[in-house]
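Structure assessment
Below, each chain spelled out in residue letters.
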Amino acid sequence: MSVSVRIPTILRTYTGGAAEVNGEGGTLREVLQKLDADFPGIGARILDETGKIRRFVNVYVGDEDVRFADNLDTVTPSGVQVSIIPAVAGG
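To keep things clear, this report deals only with the structure shown in the data block. Since the structure is predicted, the reported quantities are computational estimates derived from the model, not experimental observations.

Observations regarding the overall build of the protein chain
Assigned secondary structure in the protein chain consists of two helices and five strands. Each helix and strand of the protein chain, ordered N terminal to C terminal, gives the series β-β-α-α-β-β-β. Its C-alpha radius of gyration of 12 Å places the protein chain within 12% of the 12 Å reference for a compact globule of 91 residues. When the backbone C-alpha atoms are referred to their principal axes, the protein chain occupies close to 40 × 30 × 25 Å.

Structure follows, in structure tokens:
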């Protein structure tokens, strides 16, 4: 399944400055594995050492926050947009 992955500014050093890249996989887990294979090191910035999405990283498949769906097992239909969004804090 081909999807588009939106890359936040802070991670664009891994993608050569690209704000959006093509991804593949039937689940978010597969998409992130392929993303890390294509852009080595980016996966460690999204997933922690246990393989879970980092606490301060939000990931959406379409308009759905994967934390409220099936997390890494969220289905990624062909053509959907996956958005990686670092959490913003402040006051």
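Description of the pairing of strand β3 (residues 57-61)
The two faces of β3 differ: V57, V59 and V61 on one face are buried, but N58 and Y60 on the other face are not. Here β3 runs beside strand β5 (residues 81-86); their pairing, made up of five bridges, is antiparallel. Bridged to Y60 within β5 is S83. Where β3 and strand β4 (residues 64-65) come together, two bridges link them in antiparallel fashion. Within β4, the position partnered with V61 by the bridge is E64.

Concerning unusual backbone geometry
The backbone of N71 sits at a positive phi, close to 50°, despite the residue not being glycine. As for its placement among the helices and strands, N71 is situated in the loop between β4 and β5. A relative accessible area of 33% places N71 in the partly exposed class.

A look at the sheet that holds strand β1 (residues 2-6)
Read from one edge to the other, the open sheet built from five strands follows the order β2-β1-β5-β3-β4, with strand pairing classed as mixed. Single-partner strands in this sheet number two, and they are β2 (20-24) and β4. Its contacts with the sheet put helix α1 (residues 28-38) on β1, β2, β3 and β5, and the angle it makes with β2 is roughly 120°.

Topic: the nonpolar core
With 21 residues, the main nonpolar core has V5, I7, L28, L35, I46 and I84 as its most contacted residues. Sort the elements by how many residues they give to this core and α1 lands first, with four residues. In this view, V5 contacts A19, E20, V21, G23, V31, L35, V82 and I84; residues no more than four positions away in its chain are not counted.

About the criteria used
Residues numbered from 1 in each chain as written. Predicted model: local features only at pLDDT ≥ 70, side-chain atom pairs only at ≥ 80, totals over all residues. Heavy atoms only, no water. Helix = DSSP H or I, 4+ residues; strand = E, 2+ residues; numbered from the N terminus. Rg over C-alpha atoms; globule rule 2.2 N^0.38 Å. Buried < 20%, exposed > 50% of the residue type's maximum accessible area, 1.4 Å probe, protein only. Pairing = 2+ DSSP bridges. Contact = heavy atoms within 4.5 Å. Axes fitted to C-alpha atoms, helices over the stretch in contact; angles between N-to-C directions. Core = buried A, V, L, I, M, F, W, Y, C linked by side-chain atoms within 4.5 Å.

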